[in-house]
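# Coordinate analysis (summary)
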Amino acid sequence: MAGDHRLLLENARQAVLVCARGERCLARGAPRGLALLEGASLVVGTDGLIKAIGPADVIQEQFSEATFEERIDCSGKCILPGLVDAHTHPVWAGERVHEFAMKLAGATYMEIHQAGGGINFTVERTRQASEEELLGSFQQRLQAMLRAGTTLVECKSGYGLDLDTELKMLRVIERARRQMPIGISATYCGAHSVPKGKTATEAADDIINNHLPKLKELGRNGQIHVDNIDVFCEKGVFDLESTRRILQGGKDIGLQINFHGDELHPMKAAELGAELGARAISHLEEVSDEGIAAMATAGCSAVLLPTTAYMLRLKQPRARKMLDEGVIVALGSDFNPNAYCFSMPMVMHLACVNMRMSMPEALAAATINAAYALGKSHTHGSLEVGKQGDLIIINASRWEHLIYQFGGHNELIEYVITKGKVIYKK
């Protein structure tokens, strides 16, 4: 094929496609054998989409007349899809390192929350911060995520709780989405906590009557694009009925349901999510057997967060049972002031060790299944013709090194590429 193309990656030792048959997700045993090519080359076109992937000699012959803006020799190296982080809280001011010390001394998450710390502390600092200040720190965090191999990330609001601050956070996310090369799925999380002086019912009324109509209006006139709606469904936060009302309100204005459920107490959140047609539910440390079965039937993905269970010393979510029952399991870093980690390679490692996932299951969960959780697995999450050219190149002869070398991603990741353009080079 003659013509101009953006990028040629030549002769990789391994290319992990993840999917090769257009699967939108991998569940029920499918992730055990990921699609993989040895001695492969890959072409990304000027439109940023993958044009070809296959044996190096075949690609060389096919594209002998073509010109490329960039060629990278991948001999001895591995190509993987860009990683997808399905759950983060990356826009905030202030810091909570002092709370980490309290937790290490034995304080629980809810004890800190009820003493005015936790989300409430970050809300005060975020309300005080200017939009520019929030954008600056957010962009630095996104850069760190990119360097760790993340090319698509879900970003939540939720440290405002009042309409003005929530909109300020969503504007920051929107500005970064337009300016930065990383892909962003934006989530309105105004129901992250019940604001001081309100009951859960009053907070839900405010969101349904005031926040959601404003979001609908800003979306219609193209000022802010929001993809998902989130609620922290938890004992002492939003009960099941308030959660149902808010999520249904979001669904009614076209948002995908993607919420926090069954984290600290069994709330029947998974059953609710399955019933409402949720795209994803996060946490699920305390999910019931019925909830797992309902999610599997409904095609509702489980976004598991190994860093949170690890740092808060919670019961690990039952990843093995979910996988065995056919739930679509995805992973997220849960990056936030309470769980400060934006490395998906470390998240995958923790998922394997603490949640007993295999390495192929963990990689599927951090690529195609995380993209599915965001409603983007038709364009992201695997190396297939027609998909966006988001990928990473690691300096290792086998892809598993990305998970095996705990904390070693800084040394391993040589290139991070989005839409066929090199965004980071070691």
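Residues numbered from 1 in each chain as written. Predicted model: local features only at pLDDT ≥ 70, side-chain atom pairs only at ≥ 80, totals over all residues. Heavy atoms only, no water.

## So, the overall build of the chain
Within the chain one finds 17 helices and 16 strands. Against the compact-globule benchmark of 22 Å for 426 residues, the chain has a radius of gyration of 21 Å, which places it among compact chains. On the principal axes, the C-alpha backbone points of the chain span a range of 70 × 45 × 40 Å. Restricting the contact set of the chain to residue pairs at least 6 apart, pairs at least 24 apart contribute 73%. Working note: accessible area of the chain is about 16000 Å², and carbon and sulfur atoms make up 48% of it. (Helix = DSSP H or I, 4+ residues; strand = E, 2+ residues; numbered from the N terminus. Rg over C-alpha atoms; globule rule 2.2 N^0.38 Å. Contact = heavy atoms within 4.5 Å. Areas by Shrake-Rupley, 256 points an atom, 1.4 Å probe, with all protein chains shown as cover.)

## Here we look at the packing of aromatic side chains
Enumeration over the complete set of coordinates arrives at six aromatic pairs. With a centroid separation of 4.8 Å and an interplanar angle of 75°, the aromatic rings of Phe 335 and Tyr 340 are classed as edge-to-face. Relative accessible area serves as the criterion here: at 0%, Phe 335 is assigned to the buried category. Each member of the aromatic cluster is reached from another via a ring pair, and the members are Trp 92, Phe 335, Tyr 340 and Phe 342. The ring centre of Trp 92 lies 3.7 Å from the NZ or CZ of Arg 141, which sits over that ring. (Phe/Tyr/Trp six-rings, centres within 6.5 Å; stacked < 30°, edge-to-face > 60°. Buried < 20%, exposed > 50% of the residue type's maximum accessible area, 1.4 Å probe, protein only. Lys NZ or Arg CZ within 6 Å of the ring centre and 35° of its normal.)

## A closer look at the UniProt feature "domain: Amidohydrolase-related" (unreviewed entry) in the chain
When the UniProt feature table is mapped onto this chain, "domain: Amidohydrolase-related" (unreviewed entry) is found at residues 79-422. The span residues 79-422 is 45% helical and 16% strand by assignment, and the distance between its end C-alpha atoms comes to 13 Å. (UniProt positions renumbered as here; feature names shortened; annotations may be inferred.)

## Quick word on the packing of helix 7 (residues 200-220) against helix 8 (residues 240-252)
The contact between helix 7 and helix 8 brings their axes to 9 Å, and the two run at 5°. On the basis of the axis angle, helix 7 is roughly parallel to helix 8. In contact with Ala 200, Thr 201, Ala 204, Asp 205, Ile 207, Ile 208 and Leu 212 of helix 7, helix 8 contributes Ser 242, Arg 245, Ile 246, Gly 249 and Gly 250. (Axes fitted to C-alpha atoms, helices over the stretch in contact; angles between N-to-C directions. Parallel < 35°, antiparallel > 145°, perpendicular 65-115°, else oblique.)

## Structural notes on the pattern of salt bridges
A complete count under the given rule lists 27 salt bridges for this structure. Among the salt bridges present, the one from Asp 324 reaches Arg 320, with a minimum N-O distance of 3.6 Å. Of this pair, Asp 324 and Arg 320 both sit in helix 12 (residues 319-324), four residues apart, which is roughly one turn of that helix. Here Asp 324 falls in the partly exposed class, since its relative accessible area comes to 48%. (Salt bridge = Lys/Arg side-chain N within 4 Å of Asp/Glu carboxyl O.)

## Here's the deal with the sheet that holds strand 11 (residues 280-283)
With parallel pairing, eight strands are arranged side by side in an open sheet as 6-7-8-9-10-11-12-13. The strands lining the two open edges of the sheet, one partner per strand, are strand 6 (83-85) and strand 13 (329-331). Across the sheet, the mean angle separating the axes of adjacent strands is 25° when strand polarity is ignored. On the sheet, helix 6 (residues 163-179) packs against strand 7 (150-156) and strand 8 (183-191) and is oriented at approximately 175° with respect to strand 8. (Pairing = 2+ DSSP bridges.)

## What to know about the pairing of strand 16 (residues 421-425)
By the bridge criterion, four bridges tie strand 15 (residues 413-418) to strand 16 in an arrangement that is antiparallel. Residue pairing for strand 16: Ile 417 is matched across the bridge by Val 422. In this antiparallel pair of consecutive strands, strand 15 and strand 16, the connection spans two residues, and Lys 419 shows a positive phi of 50°.

## What about the environment of Asp 162?
By secondary structure assignment, the location of Asp 162 is in the loop between strand 7 and helix 6. Apart from residues no more than four positions distant in its own chain, Asp 162 is found in contact with Arg 127 and His 211. A distance of 2.6 Å separates the side chain of Asp 162 from the side chain of Thr 165, its partner in a polar contact. (Polar contact = N/O pair within 3.5 Å; in protein donor to acceptor, adjacent residues only side chain to side chain.)

## Thoughts on the side chain of Glu 271
With respect to the secondary-structure elements, Glu 271 resides in helix 9 (residues 269-276). Buried charged residue Glu 271 carries no salt bridge. Nearest counter-charge: Lys 268, at 4.4 Å. (Lys, Arg positive; Asp, Glu negative; His and termini not counted.)

## Quick word on helix 5 (residues 131-147)
End to end, helix 5 covers 24 Å across 17 residues, agreeing with the expected 24 Å (1.5 Å per residue, within 8%). Residues of helix 5 that are buried include every one of Glu 131, Leu 134, Leu 135, Ser 137, Phe 138, Arg 141, Leu 142, Ala 144, Met 145 and Leu 146, and no others. Elements that come into contact with the buried residues of helix 5 comprise helix 4 (119-128), strand 7, helix 6, strand 8, strand 15 and strand 16. With its phi angle positive at about 100°, Gly 149 sits one or two positions after the end of helix 5. (Expected span 1.5 Å × (residues − 1).)

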